Amino acid sequence: QVQFVESGGGLVQPGGSLRLSCAASGITFRVYNMAWYRQAPGKQRELVASITSGGSTNYADSVKGRFTISRDNAKNTMYLQMNSLKPEDTAVYYCNYNIPSMIQRGSWGQGTQVTVSS
């Protein structure tokens, strides 16, 4: 009964910003390394940003300096602040564990659509 619910996506112009949220339930959220992923049409899902249980972060080169991942363990919620958005950021964004065995065991949520277009 683990569930990740993504929200906050939408249509924005290039250069704009969005803040995505991921609400987790059914897990002891604070103990897990987590990540944001995205999948664009015709492309494989890729890791965008990750955050450890202790708050250490890493980013894909394509988003470094523009995106910020964070978490609020008291709220069982993870965030992705996206600034200076580009059309190539257009994708469905998902949150999940940053633990391959846990990803394989579980399932992906619906994701939230981010569209960057003029």
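Not measured: the values here are computed from a predicted model.

What follows concerns the state of the cysteines. All told, the structure shown has 1 disulfide when counted by the stated rule. Disulfide partner of Cys22: Cys95, at an S-S distance of 1.9 Å. Looking along the S-S bond of the Cys22-Cys95 disulfide, the torsion reads about 70°, which is the right-handed sense. With Cys22 in strand β3 (residues 18–25) and Cys95 in strand β9 (residues 91–97), the pair connects residues that are 73 residues apart, well separated along the chain. Cys95 gets classed as buried once you look at its relative accessible area, which sits at 1%.

All chains considered together, the criterion is met by 4 aromatic pairs. Judged by centre distance (5.3 Å) and plane angle (85°), the ring pair of Phe4 and Tyr97 falls under edge-to-face. Pair noted here: Phe4 is in strand β1 (residues 3–7) and Tyr97 is in strand β9, with a separation of 93 residues, a long-range link. For the pair formed by Phe4 and Tyr97, the shared burial category is buried. Centre to centre, the rings of Tyr94 and Trp108 are 5.7 Å apart; their planes meet at 75°, and the pair counts as edge-to-face.

Procedures and definitions
For every chain, the first residue of the written sequence is number 1, and numbering continues from 1 onward in sequence order. Under the rules for a predicted model, residues below a pLDDT of 70 receive no local features and side-chain atom pairs below 80 are neither given nor counted, while totals for whole chains, interfaces and linings still include all residues. The side-chain numbers reported here are obtained from all heavy atoms of the structure, hydrogens and water having been left aside. For the purposes of this analysis, a disulfide is any pair of cysteine sulfur atoms at a distance within 2.5 Å. Helix numbers and strand numbers start at the N terminus; a helix is a DSSP run of H or I with at least 4 residues, a strand a run of E with at least 2. Each residue's exposure class comes from its accessible area (1.4 Å probe, protein chains only) as a fraction of the maximum for that residue type: buried when under 20%, exposed when over 50%, partly exposed otherwise. For Phe, Tyr and Trp, where Trp contributes only its six-membered ring, two rings pair if their centres lie within 6.5 Å, and the inter-plane angle classes them as stacked under 30 degrees, edge-to-face over 60, or tilted in between.

The analysis is restricted to geometry; functional conclusions fall outside its scope.
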